[in-house]
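Coordinate analysis (summary)
Below, each chain spelled out in residue letters.
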Amino acid sequence: MTAVLEERAPGKSLFAGRARETARLQTALTACRRGTPVLLEIVGDPGIGKTRLLSELTALAGGTMTVLSGRVSEFERERSFGVFAEPVREILRARPSLLHGLDGRMRALLEEVASGLAPRERNGPYAPPDAERCAFFGTVRRMIEHAAGRGGVLLCLDDLHWADGGTVALLHHLIRHPPAVPLVVACSYRPRQAPAQLAACLRDTAGAVQSDRIELGPLDRAAVDQFLGRLLGPDAATGRRAWLHRISGGNPRYLHALSHLRHPPPEGSDTAGTFLDGMPDSVRATLLGELAWLDPGHREVLQVASALGDPIDPVLLAEVIGGDAATAMTFLDALAGRDLVRPANRDGIRPSFRFRHPLLRHLVYEETPASRRLLIHRRAEQALRRRGAGPAERAPHVVRSAQRGDAAALRLLTEAAGQIMSTAPAAAAAWLRAALPLGGDDPGARLDVLEGLSRALIATGRLQECRRLLPETLELLGSDRPDRRLEIITLHATAERLLGDYRTACAMLAPELPALKGVRTAAGSRLRLELAVVKMLQHRHDECLRLVEEALACAPAGDEAPTRTPAGSAQALPRTPAGSVRDLLPVAAACLALSAAHRGDHRSAAGHVRRAAAAFDAAGDPELTPRLDALAQLAWAEALTERHQDALRHFTRGLGLARLSGQEAVTPYLLLGLAYVRITTGRVEEALHAAAEAEEVASSLGRSGMLGLALALRGWAVAMRDGPEAAAPLAERGLHHVSVRGRLWEITTGVLAGIRLAQRRPDDCLALLRSLDAHARRPGPPSPLGPMRHCLAALAAATAGRTEEASRWAGRAEQEACAQGLDGATAFAALARAQAAPPQERGRAGRLREAAGKLSAGGLTLVECSTRLLLARELIALRRLDEAGVEAERAKTLADACGARFLYAEAVNVQRRIGASQPRPPAADSVLTLRESEIARLVGLGMSNQAIATALHLSVKTVEAHLTKIYRKLRARSRSALAAMVTARHGERERAARFP
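Residues numbered from 1 in each chain as written. Predicted model: local features only at pLDDT ≥ 70, side-chain atom pairs only at ≥ 80, totals over all residues. Heavy atoms only, no water.

Going by an unreviewed UniProt entry, the chain carries the name HTH luxR-type domain-containing protein and comes from Planobispora siamensis.

Structure, rendered in structure tokens:
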């Protein structure tokens, strides 16, 4: 017999991310089957998945247990024994004979409880006399015993925070005097709304009862991705999944509700917005259902609080509702009792509250009539003005209460946006958007707003919107302020550069140069430096150098600015006016460092790197925050010149500052660099996280090229962890997103080529590398990644049996490596030459060993691991098995440290080959140790390494090490051959014992 509510039926709703909780449910059921009564408490916030977990428990109970389920809602809380109505009704429906033999009063009481019409007293639920209550409780216990299936009874009681006193008393009786059948009592409730009586009841169980309290928290990001994959399909955009996770806070109910929305909420607004218009009314009504029983006074206070923002200031709330602080606190305490708001601090000095969840605040705000919202915001702004609050504190309310032509509101919003621009550019952009219609006919005020909005949009990565503002901005700009014109043009050229449209950026900047000849101006120096960055990205490095020199020569000297900074000096960034020589020196050095790295001139790059790094490292966070673009250029220069630890440090610091200051435009650039350094230095899991985050940010900003590179880098990391077949789709998608043939395309194509070779598709690999080579042969310096790419081509050509082509690629790798002079480049050249040599040539193993050593010195751990595997295979072919074993073990250790499971498995396979290549001993059984014999016997039984490790209480790695020795001693070439050998010998021993 099963009595499960409809909404709890397995499969009716999504379930993800609760593996640990499910394991605890299974433990409870196991204990029940062994005869131990179990009490399960499932607690958590509304919508967190308590009811869904009860459904999962029901499914796990299978068909062996009788499932009795009941729940109670708020409007039924005065119904006596309400949560037991459904269980009693189901038992009586299945076994009506249980009523026989009961006296009339008890029969009537059971029927009333089952019908939901249990008698009430005037002041609360029905409370029968003690004797009658004890008899009733004993009857219900016996009914549960009669209803038990062969596996016992599962009693699921949902939403017990609404339970009446009779329900709590009956529950207490059942867990103090459990029925004489296997029993699991599973209770779900909201702990903040549960009555004290319920908490005391659940703590007071019989000694034989096993208790477990499962506290459900929010779903983590991986679980949210799984949840949304089932809800929206596997093709849901990464950016959409990211903001759904962020806004929902991992709450499954809110996640499901928000999935109906097509667009994310407005960024940077610190008051509730109106982004929930796409939510179906039925979903909205469900989410707001808990507000239905609020009286008008509490509902109005909640609406005011939703407009004031989090945290809720009781004093400001009192001023807006027209009461005193004590009245406001009384209302807030009542709302906290219903868990709609929660205390935000507990210091007792200035108490404040927060909404239980941001989405709840949004819903309440949008349910508030528009006229009332306007009045609330006006009163709040007036109250804050009386307090002497600053523009940034008043702006959220001015935004929603100002009228067209309100010049004072426009000035306040512009000033407030300027105050928060460096720390919260998204909020600044929201305020400036709202300020645009307020300017009336004042072109100067509108120009100020447009310029500030452009800066905010660039910082937050909203580059297309910024691009649309330029025509109007230039139209409003007069000819009497040339410096401001230069600033605005430089600003918008930066947006074009970040969008990857270098031609348009040049077309905007270059026409301004003739007017700057002989003029010493900060705005002109910044314009030249921005054009230098663009020229560097176009690989016009001579022009880049000339523009940097002109920028420094024409920059104002500043009060204490030196005309030049010695290489390697640790001079901090100053607080001099932006555009002075001292201010521009480290920025210029970062640009020149990346330019030198791109053209393979690593000696010049080293000097520029030292100068920029010294200044940036000595700078404090406030000085460095406006220069994150230059810091990212420095870090990329360090990454390309094998200064991996310095690059990692600068990428990490820049990323932290970008997150703190809301500079989303530079965030994907920093994340991609972080992922690149981590994967090249062998930090596979960390690289995966950085690449996945870069993918999210690039997707949300619409940066297709960076999205493609993020996918490719994630594919590279996945190839090392899970193998090339799992990685190939990611790299293919990445190449599809990179439409412009530049550095991003080069790296993405190179990653896909490496994956193709790992898939044993050398011809496809060569086709990709030839397209790269054709692009690289255009006028301009060679790519800094040339030696690595040519090495890969040599390996692919050798694999395809094209020795002459492999030799040509190796020659080019050597030529470029000689020019660069880096350990990594030299290693790739040696590796390429080794692959181009005929198999088993005498010098081939030596070149591979040289390459492995250079890769180790350069910190390229994963490539070193792969090279040592190649060396081990070469040594096996030369029958130098002891040396091969050493190299295979080194590769295995490196792969294990990097988290490269695929390479680890490859190393284990090489070790097995070494074992199989050893001379076969004359008596195999006699040379195996006792432990080896035992492991070999278990292999013969078909057990996996994990199963063997569990049976013998060993680690999997220990089992693998023993197997390597067994393969070598028995000369078994595969696991199946070893199993057959062991089985055959076991059969011979049996026959010998049977027929002596």
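Having seen it, we continue.
1. Brief notes about the packing of aromatic side chains
Here the structure, examined in full by the defined rule, presents 7 aromatic pairs. Taken together, a centroid distance of 6.1 Å and an interplanar angle of 55° make the contact between Phe136 and Phe137 tilted. With relative accessibility at 0%, the residue Phe136 sits in the buried group. Residues Trp636 and Phe651 carry aromatic rings whose centres are separated by 5.8 Å and whose planes lie at 80° to one another, so their mutual orientation is edge-to-face. Note that Trp636 is positioned in helix α29 (residues 628-640) and Phe651 in helix α30 (residues 644-661), a separation of 15 residues in sequence. (Phe/Tyr/Trp six-rings, centres within 6.5 Å; stacked < 30°, edge-to-face > 60°. Buried < 20%, exposed > 50% of the residue type's maximum accessible area, 1.4 Å probe, protein only. Helix = DSSP H or I, 4+ residues; strand = E, 2+ residues; numbered from the N terminus.)

2. Section: empty space enclosed by the protein
In this structure the tally under the stated criterion is 5 cavities of 30 Å³ or more. The computed volume of the largest cavity comes to approximately 240 Å³. Considering the residues around the largest cavity, the lining is formed by 21 residues, among which Glu642, Tyr676, Leu785, Phe828 and Leu860 are closest to the centre. When contributions to the lining of the largest cavity are tallied by element, the ones reaching two or more residues are α29, α31 (667-680), α37 (786-799), α39 (823-836) and α41 (861-877). Its residues assigned to classes, the lining of the largest cavity shows 15 nonpolar, 5 polar and 1 charged. (1 Å grid on protein atoms, 1.4 Å probe; cavity = no way out; pocket = protein on both sides within 12 Å on 5 of 7 lines; lining within 4 Å. Points joined across faces, edges and corners; volume = space filled by probe spheres on them. Nonpolar A, V, L, I, M, F, W, Y, C, P; charged D, E, K, R; others polar.)

3. A closer look at the packing of helix α1 (residues 19-33) against helix α2 (residues 50-61)
Running from N to C, α1 and α2 cross one another at 45°; their axes reach a closest spacing of 10 Å. The angle between the axes of α1 and α2 places the two elements in the oblique class. Relative to α2, the crossing made by α1 is right-handed. When α1 is examined against α2, the residues Glu21, Thr22, Leu25, Gln26, Leu29 and Arg33 are found in contact with a partner set consisting of Leu53, Glu56, Leu57, Leu60 and Ala61. Of the residues in the contact of α1 with α2, the class split is 6 nonpolar, 2 polar and 3 charged. (Axes fitted to C-alpha atoms, helices over the stretch in contact; angles between N-to-C directions. Parallel < 35°, antiparallel > 145°, perpendicular 65-115°, else oblique. Left-handed = near helix turned anticlockwise from the far one by under 90°. Contact = heavy atoms within 4.5 Å.)

4. Here's the deal with the nonpolar core
Proteins that are soluble and globular tend to have nonpolar side chains buried together. Judged by nonpolar contacts, the single largest core of 156 residues is most densely connected at Phe651, Tyr676, Val684 and Met720. Leave out the neighbours within four places in its chain, and Met720 touches Ile679, Val684, Leu862, Ala900, Arg901, Phe902 and Leu903. (Core = buried A, V, L, I, M, F, W, Y, C linked by side-chain atoms within 4.5 Å.)

5. Some words on the pattern of salt bridges
Scanning the model with the defined rule gives 63 salt bridges in all. A salt bridge links Arg446 to Glu472; its shortest N-O distance comes to 2.4 Å. With a gap of 26 residues between them, Arg446 in helix α20 (residues 443-459) and Glu472 in helix α21 (residues 463-476) connect regions that are remote in the sequence. Under the relative-accessibility criterion, Arg446 is labelled partly exposed at 26%. (Salt bridge = Lys/Arg side-chain N within 4 Å of Asp/Glu carboxyl O.)

6. Digging into the packing of helix α26 (residues 581-598) against helix α27 (residues 602-618)
Put simply, α26 and α27 touch, their axes get as near as 8 Å, and they point 150° apart. What the angle tells us is that α26 and α27 run roughly antiparallel. Between α26 and α27 lies a crossing of left-handed hand. Contacts between α26 and α27 involve Pro586, Val587, Ala589, Ala590, Leu592, Ala593, Ala596 and Ala597 on the former and, on the latter, His602, Ser604, Ala605, His608, Val609, Arg611, Ala612, Ala615 and Phe616. Here the residues of the contact of α26 with α27 sort into 13 nonpolar, 3 polar and 1 charged.

7. What about the state of the cysteines?
Inspection of the entire model under this criterion finds 0 disulfides. Cysteine Cys187 remains unbridged, with the sulfur of Cys201 as its closest cysteine sulfur at 7.6 Å. (Disulfide = S-S within 2.5 Å.)

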